Amino acid sequence: MLNIVIFGAPGSGKGTQSARIVEKYGLNHISTGDVLRAEIKNGTELGKTAKGYIDNGQLIPDALMIDILASVFDSFKDSKGVIFDGFPRTIAQADALKAMLAERGQEVSIMLDLEVPEDELMTRLIKRGQESGRADDNEETIKKRLVVYHSQTAPLIDWYKNDGKYCHINGLGTMDGIFADICTAIDKL
Ligand SMILES: Nc1ncnc2c1ncn2[C@@H]1O[C@H](COP(=O)(O)OP(=O)(O)O)[C@@H](O)[C@H]1O
Ligand SMILES: [Mg+2]
């Protein structure tokens, strides 16, 4: 199985590139953001809990996220592989993902880090907020999310370097150009 972690700040293009990877390689996509937004839309207990954190630009607690992730992962039977989009976001989540995959005789194949400058992230997210109406894509919440990204999520770059899975991708450029770089990395696996 191919287990790909797609990584980057909010607005770095994880969702955009995941859709292309899914189509070309026939993988299953786990976007934890999409899972939580669906729960919010359906008004579930989990959705209510998640909304409080998301509206404030904060991360959902690790223990809850790790449970959700494992149950979504186990819902895919005979999968060719999975793209993890939006998970892990903390060191504790990376440890948990490694343990969860190891229990199932698997491991992360590669971590793709989409690097995009901050001013470009802000421009993209403001635009996404206007077009899609995503509640957390407003300037105030985006700023909080970027602070959380730098303090809690960016340390995963060194974590994955130490684990030998890290792959840097320049996330600035055309969507096709970025996808071509991603394919080059995946095809080497
Ligand atoms: N290479 C790119 N160049 C310009 N805009 C992009 C690029 N990739 C994605 N976008 C736009 O940036 C926004 C955020 O992309 P998205 O894939 O949702 O990011 P993430 O899932 O990492 O938050 C979207 O509105 C998308 O259309
Ligand atoms: Mg996304």
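Nothing here was measured: the structure is a model prediction, and the numbers come from that model. (Residues numbered from 1 in each chain as written. Chains lettered and ligands numbered in written order. Predicted model: local features only at pLDDT ≥ 70, side-chain atom pairs only at ≥ 80, totals over all residues. Heavy atoms only, no water.)

Assigned secondary structure in the chain consists of nine helices and five strands. The order of helices and strands in the chain, counted from the N terminus, is β-α-β-α-α-α-β-α-β-α-α-α-β-α. The C-alpha atoms of the chain give a radius of gyration of 16 Å, which matches the 16 Å a tight globule of 189 residues would have. Each principal axis of the C-alpha distribution contributes one length, and for the chain these read about 40 × 40 × 30 Å. The proportion of buried residues among the 189 residues of the chain is 45%. For the chain, the accessible area works out to roughly 9400 Å², and carbon and sulfur atoms hold 52% of it. Charge separation in the chain, taken as the distance between the mean sites of 22 positive and 28 negative side-chain charges, equals 2 Å. (Helix = DSSP H or I, 4+ residues; strand = E, 2+ residues; numbered from the N terminus. Rg over C-alpha atoms; globule rule 2.2 N^0.38 Å. Buried < 20%, exposed > 50% of the residue type's maximum accessible area, 1.4 Å probe, protein only. Areas by Shrake-Rupley, 256 points an atom, 1.4 Å probe, with all protein chains shown as cover. Lys, Arg positive; Asp, Glu negative; His and termini not counted. Charge placed at Lys NZ, Arg CZ, Asp CG, Glu CD.)

This part takes up the UniProt feature "binding site: AMP" (unreviewed entry) in the chain. The feature "binding site: AMP" (unreviewed entry), as given by UniProt, occupies T32, R37, Q58, L59, I60, G86, F87, P88, R89, Q93, R134 and R145 in the numbering adopted here. A maximum C-alpha distance of 24.6 Å is found for the annotated residues, which run over 114 residues; spatially they are spread out rather than grouped. The topology assignment puts L59 in the loop between helix 3 (45-55) and helix 4 (62-74). In this structure L59 comes out as buried when scored by relative accessible area, which is 19%. (UniProt positions renumbered as here; feature names shortened; annotations may be inferred.)

In the structure shown here, the tally under the stated rule is 16 salt bridges. The salt bridge partner of D137 is R128, with a shortest N-O separation of 2.7 Å. Classification of D137 by relative accessible area gives buried; the value is 6%. Of the charged contacts, one joins R134 and D136 as a salt bridge, the two residues approaching to 3.0 Å between their closest N and O atoms. (Salt bridge = Lys/Arg side-chain N within 4 Å of Asp/Glu carboxyl O.)

Glancing now at the packing of aromatic side chains. Each aromatic ring pair is characterised by the separation of its centres together with the angle its planes make. All told, the structure shown has three aromatic pairs when counted by the stated rule. Residues F73 and F84 carry aromatic rings whose centres are separated by 6.0 Å and whose planes lie at 20° to one another, so their mutual orientation is stacked. Taken as a pair, F73 in helix 4 and F84 in strand 3 (residues 81-85) lie far apart in primary sequence, 11 residues in all. Between W159 and Y160, the aromatic rings sit 4.7 Å apart at their centres with planes inclined by 65°, giving edge-to-face as the arrangement. In terms of burial, W159 and Y160 fall into one category: buried. Just above the ring of Y166 sits the side chain of K161; from NZ or CZ to the centre is 5.0 Å. (Phe/Tyr/Trp six-rings, centres within 6.5 Å; stacked < 30°, edge-to-face > 60°. Lys NZ or Arg CZ within 6 Å of the ring centre and 35° of its normal.)

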